[in-house]
Amino acid sequence: MLTDWITKVDFMILDWIQAHLRCELLDRLLPMITFLGNKGWFFIVIAVIMIAIPKTRRWGAWLASALGLGLVFCNMLIKNMVERIRPYDRVEDITLLVEKLNDFSFPSGHTVVAFEFFTVILLMPVKKVYKVLAGVMAFMIAFSRLYLYVHFPSDVLAGMLLGSLFGVMGMRIVEMILEERTQKIEKE
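My aim in this report is to walk through the structure given alongside it, one point at a time. (Residues numbered from 1 in each chain as written. Predicted model: local features only at pLDDT ≥ 70, side-chain atom pairs only at ≥ 80, totals over all residues. Heavy atoms only, no water.)

**Remarks on the overall build of the protein**
Inclusion rule: Secondary structure follows DSSP: runs of H or I at least 4 residues long count as helices, runs of E at least 2 residues long count as strands, and numbering of each begins at the N terminus. Summary of the burial criterion: residues with accessible area below 20% of their type's maximum are buried, those above 50% are exposed, and those between are partly exposed, where the area comes from a 1.4 Å probe applied to protein chains only. Throughout, a residue-residue contact means that at least one pair of heavy atoms, one from each residue, lies within 4.5 Å. The Shrake-Rupley method, run with a 1.4 Å probe sphere, supplies the accessible areas, and residue values consider only the shown protein chains as cover. In summary, the charge assignment counts Lys and Arg as positive and Asp and Glu as negative, without counting His or the chain termini. In this description, the location of a charge corresponds to atom NZ of lysine, CZ of arginine, CG of aspartate or CD of glutamate.
Per the secondary structure count, the protein includes seven helices and zero strands. When the helices and strands of the protein are listed from N to C terminus, the series reads α-α-α-α-α-α-α. The dimensions of the protein, computed from C-alpha atoms along their principal axes, are 65 × 35 × 25 Å. In the protein, buried positions account for 43% of the 188 residues. Sequence-distant contacts, at least 24 apart, represent 77% of the contacts inside the protein between residues at least 6 apart. A total accessible area of about 11100 Å² is found for the protein, and carbon and sulfur atoms account for 68% of it. Seen as two clouds, the 20 positive and the 18 negative side-chain charges of the protein have centres 8 Å apart.

**Digging into the packing of aromatic side chains**
Note the threshold: When two rings of Phe, Tyr or Trp (its six-membered ring) have centres within 6.5 Å they constitute a pair, described as stacked for plane angles under 30 degrees, edge-to-face for angles over 60, and tilted for the intermediate range.
Per the counting criterion, the structure on display carries 10 aromatic pairs. Between the aromatic rings of Phe 43 and Phe 117, the centroid separation amounts to 5.3 Å while the plane-to-plane angle is 45°, which identifies the pairing as tilted. Taken together, the residues Phe 43 in helix α3 (residues 41–52) and Phe 117 in helix α5 (residues 109–123) connect sequence positions 74 residues apart. In this structure, Phe 43 and Phe 117 share a single accessibility class: buried. What links up through ring pairs into an aromatic cluster is the set Phe 35, Trp 41, Phe 42, Phe 43 and Phe 117.

**Thoughts on helix α6 (residues 128–147)**
Quick note on the threshold: Given a helix with a known number of residues, its expected span is that number minus one, times 1.5 Å.
The first and last C-alpha atoms of α6 sit 28 Å apart over 20 residues, in line with the 28 Å expected at 1.5 Å per residue. For α6, the complete set of buried residues consists of Lys 131, Ala 134, Gly 135, Met 137, Ala 138, Ile 141, Ala 142, Ser 144, Arg 145, Leu 146 and Tyr 147. Positive backbone phi, approximately 65°, marks Tyr 149, located one or two places after α6.

**So, the pattern of salt bridges**
Under the convention used in this document: Definition used for salt bridges: Asp or Glu carboxyl oxygen within 4 Å of a side-chain nitrogen of Lys or Arg.
Counted under the stated rule, the structure contains eight salt bridges. One salt bridge connects Arg 58 with Glu 175, and the closest N-O pair in it is separated by 2.7 Å. Of this pair, Arg 58 sits in helix α4 (residues 57–82) while Glu 175 sits in helix α7 (residues 153–187); the two residues are 117 residues apart in sequence, bridging distant segments of the chain. Given a relative accessible area of 41%, Arg 58 falls into the partly exposed group. Among the charged side chains, a salt-bridge network with shared partners connects Asp 10, Arg 84 and Asp 155.

**Considerations on α4**
Taking 1.5 Å per residue as the helical rise, α4 with its 26 residues ought to reach 38 Å, and the 35 Å between its terminal C-alpha atoms agrees with that figure. All of the buried residues along α4 are Trp 59, Gly 60, Trp 62, Leu 63, Ser 65, Ala 66, Leu 67, Leu 69, Gly 70, Cys 74 and Lys 79. Elements in contact with the buried residues of α4: α3, α5 and α7. Glu 83, located one to two residues past α4, shows a positive phi value of around 55°.

**Some remarks on the nonpolar core**
Across soluble globular proteins, nonpolar side chains show a tendency to be buried alongside one another. The condition is simple: We define the nonpolar core as a collection of buried residues of types Ala, Val, Leu, Ile, Met, Phe, Trp, Tyr and Cys that are connected through side-chain atoms lying within 4.5 Å of one another.
Core analysis: the biggest nonpolar cluster contains 38 residues, and Phe 43, Trp 62, Leu 63, Phe 115, Phe 117 and Met 124 have the highest contact counts within it. Once residues within four sequence positions are removed from consideration, Met 124 is found in contact with Met 50, Trp 59, Trp 62 and Lys 131. Listed in part, the five residues of the second largest apolar core include Leu 69, Val 112, Leu 162 and Phe 166.

**Details of the side chain of Ser 105**
Tracing the sequence through the fold places Ser 105 in the loop between α4 and α5. Beyond its immediate chain neighbours, meaning those up to four positions away, Ser 105 contacts Lys 79, Arg 84, Ile 85, Arg 86, Pro 87, Val 150, His 151, Phe 152 and Asp 155.

**Some points on the packing of helix α2 (residues 24–35) against α6**
Applied cut-off: Interaxial angles span 0 to 180 degrees and are taken between N-to-C directions of axes, which are lines fitted to C-alpha atoms, for helices over the stretch in contact. Angles are sorted into four bins: roughly parallel if under 35 degrees, roughly antiparallel if over 145, roughly perpendicular if 65 to 115, and oblique for all others. In this scheme the handedness of a crossing depends on how the near helix is turned from the far one: anticlockwise by less than a right angle means left-handed, clockwise means right-handed. Note on residue categories: nonpolar means Ala, Val, Leu, Ile, Met, Phe, Trp, Tyr, Cys or Pro, charged means Asp, Glu, Lys or Arg, and polar means any other residue, Gly included.
The geometry of α2 relative to α6 is characterised by a closest axis approach of 9 Å and an angle of 120° between their N-to-C directions. Taken together, the axes of α2 and α6 are oblique relative to one another. Once α2 is placed against α6, the crossing between them reads as left-handed. Note on element contacts: α6 touches α2 through Met 140, Ile 141, Phe 143, Ser 144, Arg 145 and Tyr 147, opposite Leu 26, Asp 27, Leu 30, Ile 33 and Thr 34. In the contact of α2 with α6, the residues fall into seven nonpolar, two polar and two charged.

Structure (structure tokens):
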């Protein structure tokens, strides 16, 4: 069955990371990096700050819209429909570096919010260095979920795809609203 094959490959990747990449530096660093994605707080703060600054208000609205889409579709719908248990619940001898979570594994919500942010930054007319930094941060958060054994690689991959999709959709929704508002003002 396809799901059995995916799970087998997922565990091969997770176990390879544990066997070959585990070290004291990453054991300390990656829980701090993953903290940025906890409940999306870091990205919510960025969206609020961007909305508060007139020059970045439109882009903050893009991010807020993307974050809202991710919350509804990933955290409220998909996770509860799929009900995939986390990898550490299927393996007995794993030492967790973070607390166990109370929700389901698929898709990775941390990865979704990180890639919503990264996608919005990619769509913004900003310097390339900001785009690179946003990408590095998004990929580090995504990798941290694997290293910490709290998500399967397929959860993270789905989070990357959905986060990117919601980033684009968030931008489009805001731009459609602004276009409608402009047309309405012009008609008056």
